[in-house]
Amino acid sequence: MKRILIVEDDKSIAELERDYLQANGFEVTNVFTGTEGLEEALGNEYATIVLDVMLPGVDGFEICRRLREKKDTPVIMVSARREDIDKIRGLGLGADDYMVKPFSPSELVARVQAHIARYKRLTGASKEDKANRIETDGLVIDVEARRIFLAGQEVVFKNKEFELLAFLASHPNVVFSKETLFDRIWGMEPFGDTATVTVHINRIRDKIERGGKKYIETVWGSGYRFRG
């Protein structure tokens, strides 16, 4: 049975989320403070962590940052705050998804299932990839080792950043819409929100597009393509 950790200080919300996840076959642990959440996330293994942003003790951003130093567990951050800066910050710290309250518990279940399935595929998929090493114009993507080098220097990428860049580079000159990229990389429907793709594309560009080099092109009205 897949284990899910919910870190949420509103007990009524946490219990509702727990009930829906349990009804879909998950084993759920609820904790109600950031301090407990950080300890539980670092000390135990979970298939996915559902992490509220505003928590007593330690906030969700700090938990996500600390977790990403040690683990690749899928993290879905949730918040009642709708500001884009919070979403960008959460995704930038390594969260895999960001949901704004209120949301349907069924949507949460769908996203949890999708992230678990995606993580399972990725952890065993490298040997099946068409190309284990992609090289172009000073950029080297080692798919099997999950490492990226620019002009001989390694550049550190978070999971989804790596997956997005590797996917685009594996299909040079092909234009992919944000919706398609969300489906391919996050393994789920975007539920009307493709900002996650834009955030990750921008972070990739910040890391590899230096000195006027452009690896990823925006095709206005259509999506993105990797220049082959």
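Scroll up to find the structure this text is about.
Residues numbered from 1 in each chain as written. Predicted model: local features only at pLDDT ≥ 70, side-chain atom pairs only at ≥ 80, totals over all residues. Heavy atoms only, no water.

Notes on unusual backbone geometry
Okay, so step 1: Look at the link from K101 to P102: it is a cis peptide, with omega at -5°.
Okay, so step 2: Topologically, P102 is positioned in the loop between β5 (97–100) and α5 (105–123).
Okay, so step 3: Residues other than glycine seldom take positive phi values, yet R146 does so here, at roughly 55°.
Okay, so step 4: Mapped onto the secondary structure, R146 falls in the loop between β7 (139–142) and β8 (147–150). (Helix = DSSP H or I, 4+ residues; strand = E, 2+ residues; numbered from the N terminus.)

Some details on the sheet that holds strand β1 (residues 3–7)
Okay, so step 1: Taking strand neighbours across the sheet as the criterion, the 5 strands line up as β2-β1-β3-β4-β5 in an open arrangement whose pairing is parallel. Only two strands of the sheet have a single neighbouring strand rather than two, namely β2 (27–31) and β5. Here the strands of the sheet are splayed against their neighbours by 20° on average, with no regard to which way each runs.
Okay, so step 2: Sheet topology note: the β1/strand β3 (residues 48–52) ladder contains 4 bridges and is parallel. Of the residues in β3, the one forming a bridge with V7 is L51.
Okay, so step 3: On top of the sheet, helix α1 (residues 11–23) reaches β1, β2 and β3; it is set at about 170° to β2, its chief contact.
Okay, so step 4: Relative to β1, helix α2 (residues 34–43) is tilted by about 160°, and along the sheet it contacts β1, β2 and β3. (Pairing = 2+ DSSP bridges. Axes fitted to C-alpha atoms, helices over the stretch in contact; angles between N-to-C directions. Contact = heavy atoms within 4.5 Å.)

With respect to the layout of surface pockets
Okay, so step 1: Looking at the second largest pocket, its volume works out to about 320 Å³.
Okay, so step 2: Around the second largest pocket sit 13 residues that line it, and R146, V156, F157, K158 and N159 are the ones nearest its centre.
Okay, so step 3: Those elements giving two or more residues to the lining of the second largest pocket turn out to be β8, β9 (153–155) and α6 (159–170). (1 Å grid on protein atoms, 1.4 Å probe; cavity = no way out; pocket = protein on both sides within 12 Å on 5 of 7 lines; lining within 4 Å. Points joined across faces, edges and corners; volume = space filled by probe spheres on them.)

So, empty space enclosed by the protein
Okay, so step 1: A full pass over the atoms with the stated rule returns 1 cavity of 30 Å³ or more.
Okay, so step 2: Roughly 60 Å³ of volume is contained in the largest cavity.
Okay, so step 3: Around the largest cavity, the lining residues are R68, L91, G94, A95, D96, K158, N159, K160, E161 and H200.
Okay, so step 4: Considering every element that reaches the lining of the largest cavity, the biggest residue donor is α6, with 3 residues.
Okay, so step 5: Here the lining of the largest cavity is built from residues that sort into 2 nonpolar, 3 polar and 5 charged. (Nonpolar A, V, L, I, M, F, W, Y, C, P; charged D, E, K, R; others polar.)

A short note on the nonpolar core
Okay, so step 1: Counting 28 residues, the largest nonpolar core has I141, L165 and I216 as its most contacted members.
Okay, so step 2: Breaking this core down by element, the ones donating at least two residues are β7, β8, α6, α7 (178–186), α8 (195–208) and β11 (223–226).
Okay, so step 3: No other element matches α6, which puts 7 residues into this core.
Okay, so step 4: If we skip the residues at most four places from it in the chain, I216 touches L165, L168, I201, I204, R205, E209, Y224, R225 and F226.
Okay, so step 5: Counting residues in each nonpolar core, the second largest holds 19 residues, with V53, V58, M77 and Y98 among its members. (Core = buried A, V, L, I, M, F, W, Y, C linked by side-chain atoms within 4.5 Å. Buried < 20%, exposed > 50% of the residue type's maximum accessible area, 1.4 Å probe, protein only.)

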